[in-house]
Every structure is written in C-alpha cells, then in structure tokens.
Amino acid sequence: MMSWTMVFAVALFLQSGFTRSIPVVDVRLRGLAAVDDRAAWVAGSQGTVLRTEDGGDSWIKMKVSEGDELEFRDLHAIDAKTAVVLAIGAGRRSRILRTTDGGLSWTTTHVNLEERGFLDAMAFWDDGRGIVLGDPVDGRFQILLTEDGGRRWTPLDPAGMPAALPHESAFAASGTCVCVAGDGRAWFGIGGGGQARVFSTVDGGRNWRASTTPIDASNESSGIFSISFDGEGRVGLAVGGDYKLAERAVRSIAKTSDGGRTWSAEGLSSPLGYRSAVTRLSKDTWLVVGPSGSDLTVDGGASWRSVDRTSFDSVSVAGSTVWVSGERGGVARRRIREIIEKHRHD
C-alpha cells in the first residue's frame with residue numbers, strides 16, 4: 001500500500017540556469033524520468049517517490065510501505081500513471097517495483113536473491129522491452145530483460161558477456177550508466193578496474209563486446225558514470241570522472257562515431273568537473289550534470305560552458321523540456337531552446 005501527500009512547490013527562476021522548485025523532500029533524488037513537458041517522476045533515498053503533472057508546481061509524494069530502507073536510484077516512466085523503479089543494494093535490497101495507478105499501489109516484480117548481486121541501472125527501448133544492469137557475479141556483469149514493461153524480468157545467460165576485470169563495477173549514480181537506442185542496441189559504461197570500458201550489444205543484450213576508452217578509471221571511485229547515444233546508435237558520449245573529486249575534470253570524456261566499437265578523446269575537452277549524467281539535446285549539443293554544476297556543449301564536446309552551478313545528479317529529456325534532480329530534494333526544469341539560446345548569447 002501507499003500513502004499520497006500533495007505538496008505545493010514555489011518555482012524559482014534563475015537566469016543562470018534552470019527553473020527550480022523549492023525542495024519538497026530532504027532526500028537525494030537520483031531516479032528521474034520525464035514523461036513530457038509537464039509530467040515527471042523522481043525517486044530517491046528512504047523509499048521516496050514523487051510525481052508531478054503540472055510542471056513541478058505541485059508534487060504527489062509517496063513512500064513505499066515497509067520501504068524506508070530502500071535506496072531508489074533509477075526510474076522509468078511509461079506515462080503519468082505507470083512507472084518502474086529500481087532500488088540498489090547488496091542482495092535482496094536490490095529490487096524492482098512497478099505501479100499502474102500513479103503510485104497508489106506498487107508490485108514488486110523482481111528481488112535479487114544473489115547475495116553478491118547489486119543492481120545498478122535500467123533502460124527501456126519502448127514501453128515493453130527493457131534492460132537492467134547489475135555488477136559482476138562470478139566474473140560477469142549481470143543482465144535482466146523484460147518484454148512486458150517490467151512485469152516480469154528474466155536473468156540473461158552470462159555466456160555472451162565478456163569477463164569483468166578485478167574491481168570493475170558500474171556506478172549507480174544517476175541511472176544513466178546504461179542506455180539503449182534503435183532496435184536492440186544497448187551500452188553500459190563502467191570503471192574501477194584500471195580501465196574505463198564500454199560494453200555494447202546489437203541483439204537486445206544477449207551478446208556483448210567490451211571496448212576501452214581513455215577515461216580515467218585508476219581507482220574504485222573513478223570511471224564512466226553516464227553514457228548517451230543518438231537515436232540511430234552511432235554517435236555516443238561517455239562522461240564521468242572521480243566522484244570523490246567533484247571539481248576535478250581530467251580524462252573524463254570520450255566519444256564514439258561507430259556505435260561504441262571505438263572511443264576517443266581527440267579534439268574533446270573535459271566538462272568542468274566530475275559529471276554523473278549526460279544527455280543529447282540535438283546533433284552536436286549535449287548537456288552534462290553533476291554535484292559541482294551543469295555544462296553544455298554545442299560543438300560535440302570540443303568545448304563546454306557552465307549553465308548552472310547547482311548540484312544535480314540526474315537528467316532526463318521529454319518533449320521540449322530538460323528535467324534535472326539531485327540532493328536535498330532538488331528538482332528543476334527548463335526548455336531546451338532556452339538553454340541553447342542563453343549559451344549562444346553569453
């Protein structure tokens with residue numbers, strides 16, 4: 001069962017960045033899924049889930065019964081009433097829940113029974129087909145697949161997955177270390193094992209190949225935190241850094257133009273700090289967010305300019321609007337054209 005609370009927020013418009021709402025909860029909101037220009041879902045610590053249908057002027061606040069200890073890190077919204085939320089943690093703390101009535105009730109559709117397992121993030125190709133990434137068990141990253149919108153999840157045979165390196169893992173910082181495009185293409189980025197690698201599939205997750213990138217992964221807190229591709233799955237950008245050094249940006253970006261087979265930093269400059277999420281706004285325009293601010297490039301990553309210095313962890317785009325979320329219940333949004341126009345006029 002769920003309880004609903006309607007919370008009204010006051011919108012604050014800052015010329016330097018996003019239209020921001022006064023926080024309605026005091027938890028970190030790393031799970032974010034935009035539905036359209038007016039509707040979005042967010043989820044975070046202490047089993048917290050919220051949704052809005054009026055552009056953030058008011059939020060319906062929900063808490064999963066007996067779920068105060070759940071740490072929600074990813075969220076997929078099918079529409080304003082249907083969503084799938086992913087909780088992280090060791091063993092049974094990693095689980096997936098689904099609602100079809102706007103959060104009034106939830107069904108647990110998957111519980112991780114492997115004590116060594118740890119779910120990190122998910123992505124959906126469409127309203128039916130989705131994928132979940134988990135950290136290595138017995139030397140292989142774990143993959144779950146759904147064909148029915150998250151009602152049922154099937155663990156994938158690890159035979160098609162390359163071996164993980166020692167200490168290699170994914171980062172559950174924003175739900176965007178895995179992404180999908182086209183008909184069965186998917187990628188996930190990892191770190192912590194001495195190499196920042198991207199794993200890619202072209203057959204819906206059944207077989208994978210691993211490619212190295214120049215992003216720094218020299219310790220367990222550094223590597224790739226987010227990855228985003230164009231609609232065709234050819235051009236992609238991976239970003240990250242070291243989450244313990246939020247202001248530092250050295251070897252934190254890589255780009256591919258061949259669907260993720262090869263990655264390079266040639267001709268690129270790093271964003272202005274560690275960045276936990278990236279999204280593509282148009283052909284050469286990408287937005288990144290992180291604890292020390294948000295940056296925009298309009299030249300495919302050759303240069304970056306700060307658009308906001310507020311701490312955000314996650315970003316999601318729907319319609320013509322960019323939504324962001326992060327610590328202390330922070331949620332904000334802005335029209336894509338306004339972000340780009342301001343960048344060009346500064």
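Being a predicted model, the structure only gives us computed values, none of them experimental.

Draft legend 1. Spatial organisation of the sheet that holds strand S21 (residues 236-242). With antiparallel pairing, the 3 strands of this open sheet are ordered in space as S20-S21-S22. Every other strand in the sheet has two partners, leaving strand S20 (222-229) and strand S22 (253-256) as the edge strands with one partner each. Taken pair by pair, the neighbouring strands of this sheet meet at an average axis angle of 20°, ignoring direction.

Draft legend 2. Representation of the state of the cysteines in the model. Evaluation of the coordinates by the stated rule reveals 0 disulfides. For Cys177, which is in no disulfide, the shortest distance to another cysteine sulfur is to Cys179 and amounts to 9.6 Å. In this structure Cys177 comes out as buried when scored by relative accessible area, which is 0%. Residue Cys179 is classed as buried on the basis of its relative accessible area, which comes to 9%.

Draft legend 3. Representation of the packing of aromatic side chains in the model. Summed over the entire model, instances satisfying the criterion amount to 11 aromatic pairs. A ring pair is formed by Phe124 and Trp153, whose centres lie 6.0 Å apart and whose planes are at 80°; its orientation type is edge-to-face. One end of the pair, Phe124, is in strand S12 (residues 119-124); the other, Trp153, is in the loop between strand S14 (140-146) and strand S15 (154-155), and 29 residues separate them in sequence. Residue classification places Trp153 among the buried residues on the basis of a relative accessible area of 8%. A ring pair is formed by Phe225 and Tyr274, whose centres lie 4.8 Å apart and whose planes are at 70°; its orientation type is edge-to-face. One end of the pair, Phe225, is in strand S20; the other, Tyr274, is in the loop between S22 and strand S23 (277-282), and 49 residues separate them in sequence. Accessibility classification places Phe225 together with Tyr274 in one group, the buried group.

Draft legend 4. Looking closely at the nonpolar core. Grouped together as the largest cluster of nonpolar side chains are 19 residues, with contacts concentrated most on Ile131, Phe141, Ile143, Phe188 and Trp208. Ranked by residues supplied to this core, first place goes to S14 with 3 residues. Sequence-distant contacts of Phe188, defined by excluding residues within four places in its chain, comprise Leu133, Phe141, Ile143, Met161, Cys177, Val178, Arg197, Val198, Phe199 and Trp208. Counting 16 residues, the second largest nonpolar core, distinct from the first, contains Ala43, Val64, Val85 and Leu97.

Draft legend 5. Geometry of the environment of Tyr243. Here Tyr243 shows up in the loop between S21 and S22. Taking the C-alpha atoms as reference points, Tyr243 and Thr107, separated by 136 residues in sequence, lie 33 Å from one another. Apart from residues lying up to four places away in sequence, Tyr243 is in contact with Phe171, Ser221, Phe225 and Tyr274.

Draft legend 6. Structural detail: empty space enclosed by the protein. Under the defined criterion, the tally for this structure stands at 2 cavities of 30 Å³ or more. In terms of lining, the second largest cavity is formed by Phe141, Gln142, Ile143, Leu156, Asp157, Pro158, Gly160, Met161, Gly205, Arg206 and Trp208. Classifying every residue of the lining of the second largest cavity by side-chain character gives 6 nonpolar, 3 polar and 2 charged.

Draft legend 7. Representation of the sheet that holds strand S9 (residues 83-88) in the model. Judged by pairing direction, the sheet is antiparallel, and its 4 strands sit side by side in the order S8-S9-S10-S11 without closing on themselves. With partners counted over all chains shown, the strands left at the sheet margins are strand S8 (71-77) and strand S11 (107-111), one partner each. Between one strand axis and the next, the sheet turns by 25° as a mean value, whatever way the strands run. In this sheet, S11 lies alongside strand S10 (residues 95-99) in antiparallel orientation, the contact comprising 4 bridges. When the sheet's bridge partners are listed, Leu97 is paired in S11 with Thr108.

Cut-offs and rules
Residues numbered from 1 in each chain as written. Predicted model: local features only at pLDDT ≥ 70, side-chain atom pairs only at ≥ 80, totals over all residues. Heavy atoms only, no water. Pairing = 2+ DSSP bridges. Helix = DSSP H or I, 4+ residues; strand = E, 2+ residues; numbered from the N terminus. Axes fitted to C-alpha atoms, helices over the stretch in contact; angles between N-to-C directions. Disulfide = S-S within 2.5 Å. Buried < 20%, exposed > 50% of the residue type's maximum accessible area, 1.4 Å probe, protein only. Phe/Tyr/Trp six-rings, centres within 6.5 Å; stacked < 30°, edge-to-face > 60°. Core = buried A, V, L, I, M, F, W, Y, C linked by side-chain atoms within 4.5 Å. Contact = heavy atoms within 4.5 Å. 1 Å grid on protein atoms, 1.4 Å probe; cavity = no way out; pocket = protein on both sides within 12 Å on 5 of 7 lines; lining within 4 Å. Points joined across faces, edges and corners; volume = space filled by probe spheres on them. Nonpolar A, V, L, I, M, F, W, Y, C, P; charged D, E, K, R; others polar.

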